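Inside the fold
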Amino acid sequence: MPKNFVVIAGSARNGGNSELFAKSFIDGAVSQGHAVTLFEAGKKNLTGCVACEICFSRGQACSFDDDFNEIAGPIENADIMVFCSPLYWFSYNGQLKIVIDELYSFDVAKRPTKVKEAILISCSAYIDMALFDGLVKSYELILNDLDWKDLGQLLVPGVRLVGDVIVSGGLGKAKLLGLGIK
């Protein structure tokens, strides 16, 4: 049965490794008949949550007019959320983290989403897999809080320069991850 995905990509670099990961995952998911909305957080105007507590009260998710409002509708109707981020200081990059923070708007407004499952895709310039621990723990806590199920994690070390992901073998794994969602 086809599902609706929202892929939140944090990469701000055109053709960056995380962007390539997201697009490879999307190729796999779309080839299985799934609908995918890509939100390139790294290229959007995002101001971040200020806990004003008036979410959705002015006809849009965020009372401030930032680009989170573009993705709020697709998030509300998604079955699966995919977080795709380069590893920055042991966690999500800032742009993707802003989107995660603004998910709070659904809680404040008591607007449930259809999302029940999530996927994490990340790459790092460093080789040490332990450096992903902070990101993974944050992801697990988000899933626990929202009662979402983890459908998979793709963590690829040693990816720094634009295009390194191509020789890492990670793009094939990202596509297989998208192909494997039933």
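Check the entry above for the structure.
Residues numbered from 1 in each chain as written. Predicted model: local features only at pLDDT ≥ 70, side-chain atom pairs only at ≥ 80, totals over all residues. Heavy atoms only, no water.

This part covers the overall build of the protein. When you go through the protein residue by residue, the secondary structure sums to seven helices and five strands. Counted from the first residue to the last, the protein has its helices and strands arranged as β-α-β-α-β-α-α-β-α-β-α-α. The C-alpha radius of gyration computed for the protein amounts to 16 Å, which stays within 12% of the reference 16 Å derived for 182 residues, consistent with globular compactness. Within the protein, buried positions represent 47% of all 182 residues. In the protein, once contacts between residues fewer than 6 apart in sequence are set aside, the share between residues at least 24 apart is 76%. With the model as given, the accessible surface of the protein reaches about 8,800 Å², and the carbon-plus-sulfur share is 54%. In the protein, which carries 17 positive and 21 negative side-chain charges, the distance between the mean positions of the two groups comes to 4 Å. (Helix = DSSP H or I, 4+ residues; strand = E, 2+ residues; numbered from the N terminus. Rg over C-alpha atoms; globule rule 2.2 N^0.38 Å. Buried < 20%, exposed > 50% of the residue type's maximum accessible area, 1.4 Å probe, protein only. Contact = heavy atoms within 4.5 Å. Areas by Shrake-Rupley, 256 points an atom, 1.4 Å probe, with all protein chains shown as cover. Lys, Arg positive; Asp, Glu negative; His and termini not counted. Charge placed at Lys NZ, Arg CZ, Asp CG, Glu CD.)

Counting through the fold element by element, H34 comes out in the loop between α1 (17–31) and β2 (35–40). Looking at H34, the relative accessible area reads 6%, which means it is buried. Looking at H34, its side chain comes within polar contact range of the main-chain nitrogen of K3, at 2.9 Å. A distance of 2.8 Å separates a polar side-chain atom of H34 from the backbone oxygen of I181. In this view, H34 contacts M1, P2, K3, F5, A29, I181 and K182; residues no more than four positions away in its chain are not counted. (Polar contact = N/O pair within 3.5 Å; in protein donor to acceptor, adjacent residues only side chain to side chain.)

For helix α3 (residues 94–102), the full list of buried residues reads L96, V99, I100 and E102. Here the buried residues of α3 occupy an arc of 165° about the axis, which is enough to place them on one side. Taken together, the buried residues of α3 touch β1 (4–9), β2, α2 (68–76), β3 (80–86), α4 (104–108) and α5 (133–146). (Arc of directions from axis to C-beta.)

Per the stated rule, a full pass over the model turns up eight salt bridges. Between E117 and K3 there is a salt bridge, with its nearest N and O atoms 3.3 Å apart. Separated by 114 residues along the polypeptide, E117 in strand β4 (residues 117–123) and K3 in the segment before β1 bring together distant segments of the chain. When the shortest N-O distance is used, the salt bridge between K23 and E19 registers 3.4 Å. Of this pair, K23 and E19 both sit in helix α1, separated by four residues, roughly a single helical turn. (Salt bridge = Lys/Arg side-chain N within 4 Å of Asp/Glu carboxyl O.)

On to the side chain of S124. Tracing the backbone shows S124 in the loop between β4 and α5. Given the relative accessible area of 2%, S124 is considered buried. Side-chain polar atoms of S124 contact the backbone nitrogen of Y126, separated by 3.0 Å. If we skip the residues at most four places from it in the chain, S124 touches L87, F132, V156, P157, G158 and V159.

Within the fold, G169 resides in the loop between α6 (164–168) and α7 (170–179). Using a relative accessible area of 37% as the deciding quantity, one classes G169 as partly exposed. Each C-alpha atom of the pair G169 and G10 lies 20 Å from the other, and the pair is 159 residues apart in sequence.

A few words now on the sheet that holds β1. Read from one edge to the other, the open sheet built from five strands follows the order β2-β1-β3-β4-β5, with strand pairing classed as parallel. Across the chains shown, the open sheet's two edge strands, defined by having one partner strand only, are β2 and β5 (149–156). Adjacent strand axes in the sheet meet at a mean angle of 15° when their direction is disregarded. Strands β1, β2, β3, β4 and β5 of the sheet are contacted by α1, whose axis makes an angle of about 170° with β2. Along the sheet, α3 makes contact with β1, β2 and β3, crossing β3 at roughly 150°. (Pairing = 2+ DSSP bridges. Axes fitted to C-alpha atoms, helices over the stretch in contact; angles between N-to-C directions.)

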